[in-house]
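Structural description and commentary
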Amino acid sequence: MYNSPYLRQNTSVRRVMVTVLVAMLPAIAMQVWLFGIGLLLQIAIASATALACEAAMLSLRHRPVARALGDGSALVTAWLIAVCLPPLLPWWMIVIGTSFAIVIGKHLYGGLGQNPFNPAMLAYCVLIISFPALMSQWPGLQGSDAATQLDWVLGGERALDAVTGATPLDALRTGLLGNADVAAVMQSPAFGHLAGAGWEWVALAWGAGGLLLLALRIITWHIPVAFLGAMALVSGVAWLIDPSHYASPAFHLLAGGTMLGAFFIATDPVSGATTPRGKLIFAACIALIAWLIRAFGAYPDGIAFAVLLLNICVPLIDIKTQPPVFGHKVEPPDGGAR
Amino acid sequence: MLNKLFSFNGGVKPDPNKSASTREPIARLALPPQLVIPLHQHIGGTPRPLVTVGSTVLGGQRIGAPDGNVSSAVHAPTSGRVVAIEPRPMPHASGLSSPAVVIEPDGLDTAIEREPFDWHAAAPGEIRDFLRDAGVVGLGGAVFPSHLKLNPGKSGHTDTLVINGAECEPFITCDDMLMRTEPENILRGALIMQRMLAAKQVLVALEDNKPEAATALKAAARALGNASLEVVVVPTRYPAGGAKQLIRVLTGIEVPHGSRSTDFGVQCFNVATALAVWRALEHGEALTRRIVTVAGNVERPRNFDVAIGTPISHLFAAAGLKPDTDKLIMGGPMMGIPLPNIDAPVVKATNCLLASSPTLFAPPEPELPCIRCGECARACPADLQPFELYWHSRARNFGRAQEYKLFDCIECGCCAYVCPSHIPLVDYYRYAKSEIWARERDKDAADSARERFEFRNWRADREKEEKAAKLAARNAAKPAVKPADGPAPAADVAPAAAEDPKKALIEAAMARARAQKEAVAAKNTDALTPAQKAQIDAAEERRKRASELSGSDAPTE
Ligand code: SF4
Ligand code: SF4
């Protein structure tokens, strides 16, 4: 015996997750085209690790394995980890990051829907803290052939200097630390028209995938708009004040993980704010903190740290931003933990 | 002219599935061998039976008298003999029985002679009494006695009378067909209601997926030529037919949970209710029949004009129930209730009977954890955060659920309809609400039990003391008075004197008990943690506030 409603929309968690995976394809394709097949290998390793960990944890927790594996949430985490890591990491780093995300980031908190932190960002932060050097090597454009890339990922000897370079954000930071000004740093070959050579195209592909998510109503406009708006605003103000020390808004919007973060990371429903106003605050704060870390911090890109910081604030944000209920334009539910 | 429509947030657009049952006109269903007429078919007091087993009744004869003003009469739909007055299974999810008058029709269908009633000349109060005695209640499903709502209240007038023909639930078409067939009489009923409510305007609203009904109503409105009456077509979106949502769409007013729409100058009735009012006043017809949509997994989906009390099995037989039917539903697929018993009768609240099959309404997929995607919040027409209600209801954290306005939930099902995790969200809300009610009932019961117990104890003590006192008095009197002289004067006086003090003492004790009860109100919750206690206190506070408004939350169908 079950009760009303007897009608259900044709929807499922799996459908949502698969749509997210599809929306990631343009950017993945772009990245592979520009930098080689290393990313695909990474995605494969991360996916396999995630599924294995998920299955292991589910059976340890005596949960139905097949059904939960089929929801696709582990794959989304795996793919997000793979795309935000530098493409030519040795395989064991990907395994460490992914299993950390699934085992500790997700299942120790109670599994799907329970994790307070974005698992992919957790993995990224663990890796960048543990292996800062490896995490800052990104392949140059027209880098290496497929065989070499394969060899590297599988742990072969790495001829680092030959084909790897810093990311634009990294180059900018190092340059500025060396007292060069923004314009001078931008002259270096790592920079393309707007952000970094090639990277601006990857960023635009993330944006395209994000628009697809918006069109399919998987995400709402609040988080991307607030994220990109805040990033443009804060970097714009700094740039207007001192263009020799601060990069332009266009650079910040298209460099590093801004687009990926705005459409795919900060929009993770489980660890993000849920109310419309809460989403605006949540995303704007992430962008602000990410910019602060980029401009003044010890790491080239700060989105991962900013996301984790704001994840902590989500219960508070949600409570303080409850929308008014039909007929009550006053008195939202007050204080207390979620 | 209404030149601006408003909108409510949320809502969903399920496939309306209305065409199958509107192909054929309404069919008048033959009488069954037995009619089971429940006495209690409306919100309010249960009517007293006016007939006994063996008595003969005529069509339209009153068989149940309203119990007070918040009640409504019940009538025999046809002539025949009362064969039983006993509890019978009701069309209710619980499958519980309730007292019903069972009539065997004699096939003659002799109607009672109708008392003429000149409603044009009657005072509003008289019209209301007449409607109560004619058994007119809201036919949109809430079955609230209509006469109670046909009162403009203190202000003496109403801004807007809304006649609700939106009928937003999929499959249900009884109002649609009624609007197509009897548009003039619906409007005439609406105008009577307008007069009783002293309403400035009448808005007859229906969704834009009923073009035939809209055309019929508009033509009828033109023919009546009343400038204050308007037919308004609103966009199709479930639950646009919810009274609060419809009032919002038409007037922009949001009536909060716990207040009357009349406080905002609006009153809302279902189209079938307007027609019932017209028939009662103009033709003296009591409410003994209604239109019921039979749809879903049946061979011939259709609307039937049925006598109230007809067994549901009779309707399904007429529509041809398909063999793979796995469950029966009264109402629509979004808010309908499961019917445990096919022999339960059609009641005044029965607007639709739906047969379900595994292919029509697939059994729910396994429930996954909530991923906080917020789809439910976007779909909620009450602007709630359904997933928060779910978390707190599931965790039995009822105080928090109430803070998130659990009782503002209208159980429309939109949230569960869109949830990608297939969580039966509304079940959790129903569970939480019933738990909260049960707790409050338990608490009340415990309080009055304690009061009784304390009073009994006190009385036992008191009696012991009195006996001792009497004994002492007698002993004291003995030496002075000879036994032959009869009872001692002292003893004679004592009981008489004790009479009044005794009463005073009883009263004092009752007062003490009450005071004590106040002081230890949370006794039955002693085992709870302070946090839980605080929650209960908060709930009580809310309940107090709610009970101040009590009775004011009259559903508007
Ligand atoms: S729609 Fe379902 S999964 Fe999504 S937030 Fe609501 S309850 Fe959770
Ligand atoms: S059932 Fe309640 S919580 Fe769910 S959408 Fe309807 S009003 Fe909102």
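For every chain, the first residue of the written sequence is number 1, and numbering continues from 1 onward in sequence order. Naming scheme: in the order in which they are written, chains are lettered from A and ligands are numbered from 1. Totals for whole chains, interfaces and linings use all residues, but because this is a predicted model, local features are given only for residues with pLDDT of at least 70 and pairs of side-chain atoms are given and counted only at 80 or more. Only heavy atoms go into the side-chain values, all of them from the structure, while hydrogens and water stay out.

**Thoughts on the overall build of chain A**
Numbering of helices and strands runs from the N terminus, with a helix taken as a DSSP run of H or I at least four residues long and a strand as a DSSP run of E at least two residues long. Looking only at helices and strands, one finds 17 helices and two strands in chain A. Contacts: residue pairs with any heavy atoms within 4.5 Å of one another. The long-range fraction of contacts in chain A, counting pairs at least 24 apart against all pairs at least 6 apart in sequence, stands at 75%.

**A closer look at the site of ligand 2**
Residues and elements named next belong to chain B. Any residue with a non-hydrogen atom lying within 4 Å of a molecule or strand is treated as near it. In the vicinity of ligand 2 there are 14 residues, among which Cys-380, Cys-409, Cys-412, Gly-413 and Cys-415 approach most closely. A pocket here means an open set of points on a 1 Å grid, computed over the protein atoms alone, that has protein on both sides within 12 Å along at least five of seven lines. A cavity is instead a set of points where a 1.4 Å probe fits but cannot get out; residues with an atom within 4 Å of a point line either one. Here the criterion for a molecule occupying a pocket or cavity is that more than half of its atoms lie within 2 Å of the pocket grid points. One can see that ligand 2 is located within the second largest cavity. When residues of the shell around ligand 2 are traced back to their parent elements, those giving at least two are helix 12 (414–418) and helix 13 (425–477).

**Notes on the confidence of the model for chain B**
Residue and element names in this part refer to chain B. pLDDT: the predictor's confidence for each residue, scored from 0 to 100. Across chain B, the average pLDDT comes to 86, with 85% of residues at 70 or higher. Low pLDDT, under 50, characterises residues 481–498; the stretch is placed with two contacts to residues that sit more than four places away or in other chains. Every residue in residues 546–557 scores below 50 in pLDDT, and together they form 27 contacts with partners more than four places removed in sequence or on other chains. Both scores are available for the predicted complex, with the pTM at 0.81 and the ipTM at 0.85.

**Thoughts on the domain arrangement of chain A**
Residue and element names in this part refer to chain A. For the purposes of this description, domain bounds are those given by an automatic or database domain assignment. Domain parsing of chain A yields domain 1 (10–165) and domain 2 (167–320). Of the roughly 2,600 Å² buried where domain 1 meets domain 2, counting both sides, 83% is carbon and sulfur surface. Salt bridge criterion: a side-chain nitrogen from Lys or Arg within 4 Å of a carboxyl oxygen from Asp or Glu. Applying the counting criterion to the domain 1 and domain 2 interface returns zero salt bridges. Polar contacts, as used here, are pairs of N or O atoms within 3.5 Å; protein pairs need one atom able to donate a hydrogen and one able to accept it. Residues neighboring in sequence count only if both atoms are side-chain atoms. Run the count over domain 1 and domain 2 and you get two residue pairs in polar contact (both at pLDDT 80 or more). Elements supplying a minimum of two residues to the side of domain 1 that touches domain 2: helix 1 (13–35), helix 4 (73–84) and helix 6 (119–130). Ranked by residues supplied to the side of domain 1 that touches domain 2, first place goes to helix 1 with twelve residues. Of the residues in the side of domain 1 that touches domain 2, the class split is 24 nonpolar, eight polar and no charged. Two parts placed together each lose some accessible area; with a 1.4 Å probe, that loss summed over both constitutes the buried area. Put simply, Ala, Val, Leu, Ile, Met, Phe, Trp, Tyr, Cys and Pro go in the nonpolar bin, Asp, Glu, Lys and Arg in the charged bin, and everything else, Gly too, in the polar bin.

**Notes on the pairing of strand 12 (residues 266–270) of chain B**
Any residue under 20% of the maximum accessible area for its type is buried, any over 50% is exposed, and the rest in between are partly exposed; the area is computed with a 1.4 Å probe on protein chains only. Within strand 12 of chain B, five of the five residues are buried, which leaves it mostly tucked inside the rest of the structure. Along strand 12 of chain B, one buried face is formed by Val266(B), Cys268(B) and Asn270(B) and the opposite face, lined by Gln267(B) and Phe269(B), is buried too.

**Notes on the interface of chain B and chain A**
The partner chain A presents 44 residues to the 61 residues of chain B that form the contact. Contact between chain B and chain A buries roughly 4,500 Å² in total, counting both sides, with carbon and sulfur atoms accounting for 56%. Taken as a group, Ile371(B), Arg372(B) and Tyr417(B) account for 16% of the area that chain B buries against chain A, more than any other trio of residues on that side. At the junction of chain B and chain A, the tally comes to two salt bridges. For the salt bridge of Glu375(B) with Arg217(A), the shortest nitrogen-to-oxygen distance reads 3.7 Å. Joining chain B to chain A, the criterion identifies 13 residue pairs in polar contact (both at pLDDT 80 or more). Residue assignment for the side of chain B that touches chain A shows that the elements contributing at least two residues are helix 6 (243–251), strand 15 (327–330), strand 16 (337–338), helix 9 (375–379), helix 10 (386–394), helix 11 (398–403), helix 12 and helix 13 of chain B. Tallying contributions element by element places helix 10 of chain B first for the side of chain B that touches chain A, with four residues.

**Focus on empty space enclosed by the protein**
Residue and element names in this part refer to chain B. Grid points are joined across faces, edges and corners, and a volume is the space filled by probe spheres set on the points. This structure, assessed with the given rule, holds three cavities of 30 Å³ or more. Space inside the largest cavity adds up to approximately 90 Å³. Mapped onto the lining of the largest cavity, the elements with two or more residues apiece are helix 9 and helix 10. Among the residues forming the lining of the largest cavity, the class breakdown is ten nonpolar, two polar and two charged. Around the second largest cavity, the lining is made up of 13 residues, and of these Cys-380, Leu-384, Cys-409, Cys-412 and Cys-415 lie nearest the centre.

**Re the sheet that holds strand 17 (residues 352–356) of chain B**
Residues and elements named next belong to chain B. The six strands are arranged 1-14-13-17-15-16 in an open sheet whose pairing can be described as mixed. A single partner strand is all that each edge strand has here, and the edge strands are strand 1 (27–28) and strand 16. When DSSP finds at least two bridges between two strands, those strands are taken to pair. Strand direction decides the pairing type here: strand 15 and strand 17, joined by four bridges, are antiparallel. Counterpart to Lys-327 in the pairing with strand 17 is Ser-356. Only the contacting stretch of a helix is used when fitting its axis, a line to C-alpha atoms as for every element, and angles between N-to-C directions run 0 to 180 degrees. Contacts between helix 3 (residues 174–181) and the sheet are confined to strand 13 (289–296) and strand 14 (302–307), with strand 13 contributing the most and set at about 125° to the helix. Sheet strands touched by helix 8 (residues 312–319): strand 13, strand 14, strand 15 and strand 17. Its angle to strand 17, the strand with the most contacts, is close to 65°.

**A closer look at the environment of Val101(B)**
The residue Val101(B) is located in strand 8 (residues 97–105) in this model. Contacts of Val101(B), omitting those with residues within four sequence positions, involve Leu35(B), Val36(B), Ile37(B), Leu39(B), Val51(B), Ile63(B), Val82(B), Ala84(B) and Ile85(B).

**Focus on the sheet that holds strand 2 (residues 35–38) of chain B**
All names here are of chain B. Strands sit in the order 2-8-7-4 across an open sheet of four strands; the sheet is antiparallel. Taken across any chain shown, the strands that pair with only one partner, and hence form the sheet edges, are strand 2 and strand 4 (56–57). Across two bridges, the pairing between strand 4 and strand 7 (residues 80–89) is antiparallel. Counted as the bridge partner of Thr-56 is Arg-81 from strand 7.

**With respect to the site of ligand 1**
Looking at ligand 1, the residues that line it are Cys370(B), Ile371(B), Arg372(B), Cys373(B), Gly374(B), Glu375(B), Cys376(B), Phe387(B), Cys419(B), Pro420(B), Ser421(B) and Leu425(B). Residue classes in the shell around ligand 1 are distributed as eight nonpolar, two polar and two charged.

**As for the packing of aromatic side chains**
Aromatic pairs are defined between Phe, Tyr and Trp rings, using the six-membered ring for Trp, whenever the two ring centres lie within 6.5 Å; interplanar angles under 30 degrees are classed as stacked, those over 60 as edge-to-face, and all others as tilted. Under the defined criterion, the tally for this structure stands at 13 aromatic pairs over all chains. Between Tyr246(A) and Phe296(A), the aromatic rings sit 6.1 Å apart at their centres with planes inclined by 70°, giving edge-to-face as the arrangement. In this pair, Tyr246(A) is assigned in the loop between helix 13 (222–241) and helix 14 (249–254) and Phe296(A) in helix 16 (residues 276–296), connecting sequence segments 50 residues apart. Residue Phe296(A) is classed as exposed on the basis of its relative accessible area, which comes to 52%. Seen from their ring centres, Phe171(B) and Phe361(B) are 5.6 Å apart, and the 75° between their planes marks the pair as edge-to-face.

**Regarding the environment of Glu24(B)**
Residue and element names in this part refer to chain B. Counting through the fold element by element, Glu-24 comes out in the segment before strand 1. We classify Glu-24 as partly exposed; its relative accessible area is 41%. Sequence-wise, Glu-24 and Pro-49 are 25 residues apart; in three dimensions their C-alpha atoms are separated by 38 Å. If sequence neighbours within four positions are ignored, Glu-24 has contacts with Met-177 and Arg-302.

**Some details on the nonpolar core**
One recurring pattern in soluble globular proteins is that nonpolar side chains are buried together. Counting 88 residues, the largest nonpolar core has Met24(A), Trp206(A), Phe227(A), Phe264(A) and Phe282(A) as the members making the most contacts within it. With eleven residues, the top contributor of residues to this core is helix 1 of chain A. Per-domain counts for this core show at least three residues from each of domain 1 (10–165) and domain 2 (167–320) of chain A. Discounting residues that sit within four places of it in the chain, Phe282(A) has contacts with Ile223(A), Ala266(A), Ser271(A), Gly272(A), Ala273(A), Leu310(A), Asn311(A), Val314(A) and Ile317(A). Think of a nonpolar core as a cluster: buried Ala, Val, Leu, Ile, Met, Phe, Trp, Tyr and Cys residues, connected wherever their side-chain atoms sit within 4.5 Å. Ranked by size, the runner-up nonpolar core spans 85 residues in total, among them Val136(B), Ala199(B), Val202(B) and Val271(B).

**A few points about helix 1 (residues 124–133) of chain B**
All names here are of chain B. Residues of helix 1 that are buried: Ile-127, Arg-128, Phe-130, Leu-131 and Arg-132. Where helix 1 is buried, its residues meet helix 2 (146–149), helix 4 (183–197) and helix 7 (271–283). Positive backbone phi, approximately 70°, marks Gly-135, located one or two places after helix 1.

**A few points about the packing of helix 3 of chain B against helix 5 (residues 211–224) of chain B**
All names here are of chain B. Running from N to C, helix 3 and helix 5 cross one another at 35°; their axes reach a closest spacing of 8 Å. Where helix 3 crosses over helix 5, the two elements pack in a sense that is left-handed. Taking contact as the criterion, the partners of Asp-176, Met-179 and Arg-180 in helix 3 are, on helix 5, Glu-212, Ala-213, Ala-216 and Leu-217. Its residues assigned to classes, the contact of helix 3 with helix 5 comprises four nonpolar, no polar and three charged. Handedness of a crossing follows from how the near helix is turned relative to the far one, being left-handed for an anticlockwise turn of less than a right angle and right-handed for a clockwise one.

**Looking at the pairing of strand 5 (residues 62–65) of chain B**
Residues and elements named next belong to chain B. Both strand 3 (residues 48–49) and strand 5 contribute to a ladder of two bridges, which runs antiparallel. Within the sheet, the bridge partner assigned to Arg-48 lies in strand 5 and is Ala-65. Two elements, strand 5 and strand 6 (residues 74–75), share two bridges in a ladder whose sense is antiparallel. Within strand 6, the residue paired with Gly-64 across the bridge is Val-74.

**With respect to unusual backbone geometry**
In the segment running from Ser4(A) into Pro5(A), the intervening peptide bond is cis, with an omega of -5°. Structurally, the position occupied by Pro5(A) is in the segment before helix 1. Residue Pro239(B) follows Tyr238(B) across a cis peptide bond; omega there is -5°. Position of Pro239(B) among the secondary structure elements: in the loop between strand 11 (229–234) and helix 6.

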